[in-house]
Amino acid sequence: MRLRSFTAKSLPEAMRRVREVLGPDAIILSSQPAEDGRGVRVTAALEDSPLEPLIHDGATGGAVSLDEISEALTYHRVPPALFDRLIGAAAALTAKNDALALGGALDGEFIFAAPPEAPTPRPFLLVGPPGAGKTATAAKLCARVRLAGGRASLITMDTVKSGGLAQITAFAQALGAELLRAPDIDALADAVAACPEDHFVVVDTVGANPFDAEDLDRLSLAAGAAGADPVVVLPAGGDAADCAEAAAAFAEVGARSLIVTKIDAARRFGGLLSAAQAGRFALMAASASPNISDPLLPFNPVSLARLLLPAAADSIQRLPIREAG
Ligand SMILES: Nc1nc2c(ncn2[C@@H]2O[C@H](COP(=O)(O)OP(=O)(O)O)[C@@H](O)[C@H]2O)c(=O)[nH]1
Ligand SMILES: [Mg+2]
């Protein structure tokens, strides 16, 4: 989702700017008096990747209820400091409903990044604890690029785990991706060098304990040898403080983005938010199924809000944008 704010002397003028820049499908999130008291400030969004699987069904609702947003954040065990900032931001927004109010607040607090659909300048190196879903995520990333017509190479460093090689070989075959094995750092550098330039390259690593310095060193070395961008893979659920500490550790090896797995198998997402915040990670995608034919779900502020709200009582209101009369 692309969010933009427009300030103009009048509402019709602001709407005209919205349409000029974002086109006719723009969604108006809020309108409020401009900060200097003159004119109006309109915040609009263009949904470029609707996240239907994350969107709960719900009746169309009207107003914002800070009580309901507070209740939802409490349910998810969102840590107090973040809770206060989100509620403060939601209260300050003039939004049409809870999902848009919380979405606006989340947009101010978190960074969102789209998962790739084409080769990236540097390989991705997936890092995370054992069993987090790294291998499944590596396959889903390749699948996304393949579906968009791109080509992909999968490099596995996990050549030891029992059944691991069979798992990833099956994934690579199913996806039509090249599979290379790199049991050590030297082999990794060679494998990356052997990948064609027009391939999206993802490196799958052995699970790492975020509280073990040797494991983290191993990941830093791998990222350096591969010239790769580490991307953290963490499962949803879990204690918020634990998630935050693990995230901060993975941020130390240079990770800047987070893919959250197993959102189908968790009920509380305070840990996810804590991890993103503690690691200063861009929220890139969620996985809601072990099946590699189920695509990664890109995050955006409103889809994240809907994930947090109980059966979000709204659907995005598409306001017709008319010329000033
Ligand atoms: N329910 C669910 N299971 C998942 C998801 N992602 C991965 N898994 C399962 O979690 C287990 C560990 O995944 P794997 O990719 O091998 O984790 P790795 O050790 O980090 O490489 C496997 O049984 C996967 O099928 C997900 O989004 N939802
Ligand atoms: Mg694995």
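Definitions and limits used
- Residues numbered from 1 in each chain as written.
- Chains lettered and ligands numbered in written order.
- Predicted model: local features only at pLDDT ≥ 70, side-chain atom pairs only at ≥ 80, totals over all residues.
- Helix = DSSP H or I, 4+ residues; strand = E, 2+ residues; numbered from the N terminus.
- Buried ≥ 20, exposed ≤ 12 C-beta atoms within 10 Å, placed from the backbone.
- Contact = placed C-beta atoms within 7 Å.
- Core = buried A, V, L, I, M, F, W, Y, C linked by C-beta atoms within 7 Å.
- Domains from an automatic or database assignment.
- Pairing = 2+ DSSP bridges.
- Right-handed = clockwise from strand over helix to strand, strands pointing away.
- Axes fitted to C-alpha atoms, helices over the stretch in contact; angles between N-to-C directions.
- Parallel < 35°, antiparallel > 145°, perpendicular 65-115°, else oblique.
- Left-handed = near helix turned anticlockwise from the far one by under 90°.
- Nonpolar A, V, L, I, M, F, W, Y, C, P; charged D, E, K, R; others polar.
- Near = placed C-beta within 6 Å.
- pLDDT = per-residue confidence, 0-100.

Observations concerning the overall build of the protein
Along its length, the protein carries 11 helices and 12 strands. By the burial criterion, 46% of the 325 residues in the protein qualify as buried. For the protein, the proportion of contacts with a sequence separation of at least 24, taken over those separated by at least 6, is 77%.

Focus on the nonpolar core
Membership of the largest hydrophobic core comes to 104 residues, with the highest contact counts inside it found for Leu102 and Cys142. Split by domain, the residues of this core number at least three in each of domain 1 (1-48) and domain 2 (124-299).

Points about the pairing of strand E6 (residues 151-156)
A large share of E6 lies buried, amounting to five of its six residues. In this structure, E6 lies alongside strand E8 (residues 199-204), joined through six bridges in parallel fashion. Paired with Ala152 across the two strands is Phe200, which belongs to E8. Pairing analysis gives four bridges linking E6 to strand E7 (residues 178-181), with the strands arranged parallel. Note that in E7 the partner of Ile155 across the bridge is Leu180. For the handedness criterion, the β-α-β arrangement of E6, helix H6 (residues 164-175) and E7 is classed as right-handed.

Some details on the packing of helix H3 (residues 80-92) against helix H4 (residues 98-109)
Two elements in contact, H3 and H4, have axes whose closest approach is 8 Å; the angle formed by their N-to-C orientations is 125°. With respect to their mutual orientation, H3 and H4 come out oblique. The handedness of the crossing between H3 and H4 is right-handed. Between H3 and H4, the residues in contact are Arg85, Leu86, Ala89 and Ala90 and Ala101, Leu102, Gly104, Ala105, Leu106, Gly108 and Glu109, respectively. Looking at the contact of H3 with H4, its residues break down into seven nonpolar, two polar and two charged.

Considering the site of ligand 1
Taken together, 17 residues are adjacent to ligand 1, and Gly133, Lys134, Thr135, Ser287 and Pro290 come closest. Sort the elements by how many residues they give to the shell around ligand 1 and helix H5 (residues 134-147) lands first, with three residues.

Things to note about the environment of Ala266
By secondary structure assignment, the location of Ala266 is in the loop between strand E10 (257-261) and helix H10 (270-279). Exposure remark for Ala266: the 16 C-beta atoms within 10 Å place this residue in the partly exposed category. C-alpha separation for the pair Ala266 and Gly237, spaced 29 residues apart in sequence, amounts to 5.1 Å. Dropping the residues within four chain positions of it, Ala266 is found in contact with Ala236 and Gly237.

Here's the deal with the confidence of the model for the protein
Across the protein, the average pLDDT comes to 88, with 89% of residues at 70 or higher. Ignoring residues within four places in sequence, the model shows residues 49-61, a span with pLDDT below 50, making 30 contacts including any to other chains. This stretch, residues 312-325, has a pLDDT under 50; its non-local contacts, to residues over four places away or in other chains, come to 31 contacts.

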